[in-house]
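Each chain is listed here by its residues.
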Amino acid sequence: MACVATQPLQVTGYRLGIEPHTLAFIPPGRPALLRTENGAMDFALTIEESYLVVQDGSSAFDVQRVGYRYTLLHRTGQEIIAYHWHPAGVSSVTHPHVHVSGTNRVGSPDQPRSITLGDKHITTGFVSLADIVLLIIVEFGVTPRRPDWRSVLEAAAG
Amino acid sequence: MVSVPTVADGVLIKEDEDDLFLAPEEGRRMFDAAVRDRMGISGEEFIRRWEAGEYWEISDREGFRHIGDLIMLIPLARQDG
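Scope of this entry: the structure provided in the associated data block. (Residues numbered from 1 in each chain as written. Chains lettered and ligands numbered in written order. Predicted model: local features only at pLDDT ≥ 70, side-chain atom pairs only at ≥ 80, totals over all residues. Heavy atoms only, no water.)

Once that is clear, we can look at the overall build of chain A. Across its full length, chain A carries two helices and ten strands. Helices and strands appear in chain A in the N-to-C order β-β-β-β-β-β-β-β-β-β-α-α. A buried classification covers 39% of the 158 residues belonging to chain A. The contacts of chain A with a sequence gap of at least 6 include a subset with a gap of at least 24, amounting to 45%. Carbon and sulfur atoms form 54% of the exposed surface of chain A, whose accessible area is close to 8,500 Å². Here chain A holds 12 positive side-chain charges and 14 negative ones, and the gap between their average locations is 7 Å. (Helix = DSSP H or I, 4+ residues; strand = E, 2+ residues; numbered from the N terminus. Buried < 20%, exposed > 50% of the residue type's maximum accessible area, 1.4 Å probe, protein only. Contact = heavy atoms within 4.5 Å. Areas by Shrake-Rupley, 256 points an atom, 1.4 Å probe, with all protein chains shown as cover. Lys, Arg positive; Asp, Glu negative; His and termini not counted. Charge placed at Lys NZ, Arg CZ, Asp CG, Glu CD.)

A tally of regular secondary structure across chain B gives four helices and two strands. Going residue by residue from the N terminus, the α and β elements of chain B occur as β-β-α-α-α-α. By the burial criterion, 42% of the 81 residues in chain B qualify as buried. Within chain B, contacts between residues at least 6 apart in sequence are counted, and of these 41% link residues at least 24 apart. As displayed, chain B has an accessible area near 4,800 Å², and 48% of this comes from carbon and sulfur atoms.

Next up on the list: empty space enclosed by the protein. Residue and element names in this part refer to chain A. If you walk through the whole model with that rule in mind, you get one cavity of 30 Å³ or more. Size it by volume and the largest cavity reaches roughly 40 Å³. At the level of secondary structure, the elements contributing two or more residues to the lining of the largest cavity comprise strand 2 (21–25) and strand 4 (43–55). Tallying contributions element by element places strand 4 first for the lining of the largest cavity, with three residues. Grouping the amino acids of the lining of the largest cavity by side-chain chemistry returns five nonpolar, two polar and two charged. (1 Å grid on protein atoms, 1.4 Å probe; cavity = no way out; pocket = protein on both sides within 12 Å on 5 of 7 lines; lining within 4 Å. Points joined across faces, edges and corners; volume = space filled by probe spheres on them. Nonpolar A, V, L, I, M, F, W, Y, C, P; charged D, E, K, R; others polar.)

Right, here's the structure in full:
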């Protein structure tokens, strides 16, 4: 996240257990403002990840992601695009998906139709935080805060 | 290897320059503040309503996804140190 934001991240735990911990920006609920190429702070980002600390049978520990919500917002708070994966929640949608805000107007002038995308659960593969950072830099013009951002993201993607 | 930081109640402790660990009380306070800011209710009331199922139908709908965001932050309010 240091590639695009200065807002620190927090985690709620580091112990083994069956209840997931959470990773999010601090303070929680406050989106991290993002600077774009024109120097303005046009966009903001919220992230929440649920994770478990697991042990592989030896003495090695690992972190297993078990859910995420990555949301790109306009600086006014309007949602632009939101990637979700919440397999353990109450929603019937347990596969990774994306919500794209907005309405598409299709059809002909005499038979117009509006399709609201925001409530649609558009199936995706699993996306990582590195994928999101790459998206907002390349597609939304967010200014990277370090010159080696590509190698950092590649290393994070493993 | 996972290092275990030292945490004192009510105090924000830094492990090092890059790692930040919140004491449980600080986490609960921040969760409460986030809920009050977005919902106008306490964090405790928000959790009560969520556990009662009041948000199950709407938390993933456009215009209400901030509720889903807050639901994922509930572990912040449930840390036990």
